[in-house]
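Read off the chains here:
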Amino acid sequence: MTAKNDLTPKTGKPSVELEVPLNTPSGVVSTITFRRGKAKDMMAAQRIEADPARRELVLMTMLAEEKLTPEDLEELDLADLAEVQAAFQSLFLRSAG
């Protein structure tokens, strides 16, 4: 995997440089950066989407600094998706130390 994955949860913002950039209506997205979420973000995603797999995509788009839709994320290359999911999941981890 050659995508750069900067997992900096807690104090920083995890981001992923995509190996295969996304073409979206808002333009080309080559990096996805996540802000820290709150419980209200998760609750909003649960109200929007009942399916757990799709709910994760909804929450990812809500927390991404880039203007994305779940449909945009469905177009991710699988290797990039794995990196994006790892960065997203790092938001749920406590930092060591």
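Residues numbered from 1 in each chain as written. Predicted model: local features only at pLDDT ≥ 70, side-chain atom pairs only at ≥ 80, totals over all residues. Heavy atoms only, no water.

1. A look at the overall build of the protein
In step 1: Tallying secondary structure elements over the protein gives 4 helices and 3 strands in all.
In step 2: In the protein, the succession of α and β elements from N to C terminus is β-β-β-α-α-α-α.
In step 3: Among the 97 residues that make up the protein, the fraction classed as buried is 37%.
In step 4: Long-range contacts, defined here as pairs at least 24 residues apart, represent 54% of the contacts in the protein between residues at least 6 apart.
In step 5: When the accessible surface of the protein is totalled, it reaches about 6,000 Å², and 53% of it is carbon and sulfur. (Helix = DSSP H or I, 4+ residues; strand = E, 2+ residues; numbered from the N terminus. Buried < 20%, exposed > 50% of the residue type's maximum accessible area, 1.4 Å probe, protein only. Contact = heavy atoms within 4.5 Å. Areas by Shrake-Rupley, 256 points an atom, 1.4 Å probe, with all protein chains shown as cover.)

2. Observations regarding the layout of surface pockets
Empty space among the atoms becomes visible once a probe the size of a water molecule is rolled across them.
In step 1: Space inside the largest pocket adds up to approximately 180 Å³.
In step 2: Lining the largest pocket are 11 residues, with R36, G37, K38, L91 and F92 sitting closest to its centre.
In step 3: At the level of secondary structure, the elements contributing two or more residues to the lining of the largest pocket comprise α1 (39-48) and α2 (52-63).
In step 4: The element contributing the most residues to the lining of the largest pocket is α1, with 3 residues.
In step 5: Among the residues making up the lining of the largest pocket, the classes are represented as 6 nonpolar, 1 polar and 4 charged. (1 Å grid on protein atoms, 1.4 Å probe; cavity = no way out; pocket = protein on both sides within 12 Å on 5 of 7 lines; lining within 4 Å. Points joined across faces, edges and corners; volume = space filled by probe spheres on them. Nonpolar A, V, L, I, M, F, W, Y, C, P; charged D, E, K, R; others polar.)

3. Re the pattern of salt bridges
In step 1: Evaluated as defined, the whole model comprises 5 salt bridges.
In step 2: In this structure, the salt-bridge partner of K13 is E65, at a minimum N-O distance of 2.4 Å. Of this pair, K13 sits in the loop between β1 (4-6) and β2 (15-24) while E65 is found in the loop between α2 and α3 (70-74), placing the two residues 52 residues apart along the sequence.
In step 3: Between R35 and D41 there is a salt bridge whose closest N-O contact spans 3.1 Å.
In step 4: We classify R35 as partly exposed; its relative accessible area is 30%.
In step 5: Residue classification places D41 among the buried positions, given a relative accessible area of 9%. (Salt bridge = Lys/Arg side-chain N within 4 Å of Asp/Glu carboxyl O.)

4. Details of the side chain of T33
In step 1: Checked against the element boundaries, T33 lands in strand β3 (residues 27-33).
In step 2: Leaving out residues up to four positions away in the same chain, T33 has contacts with K13, P14, S15, L63, A64, E65 and E66.

Any link to function would need more than the numbers given here.
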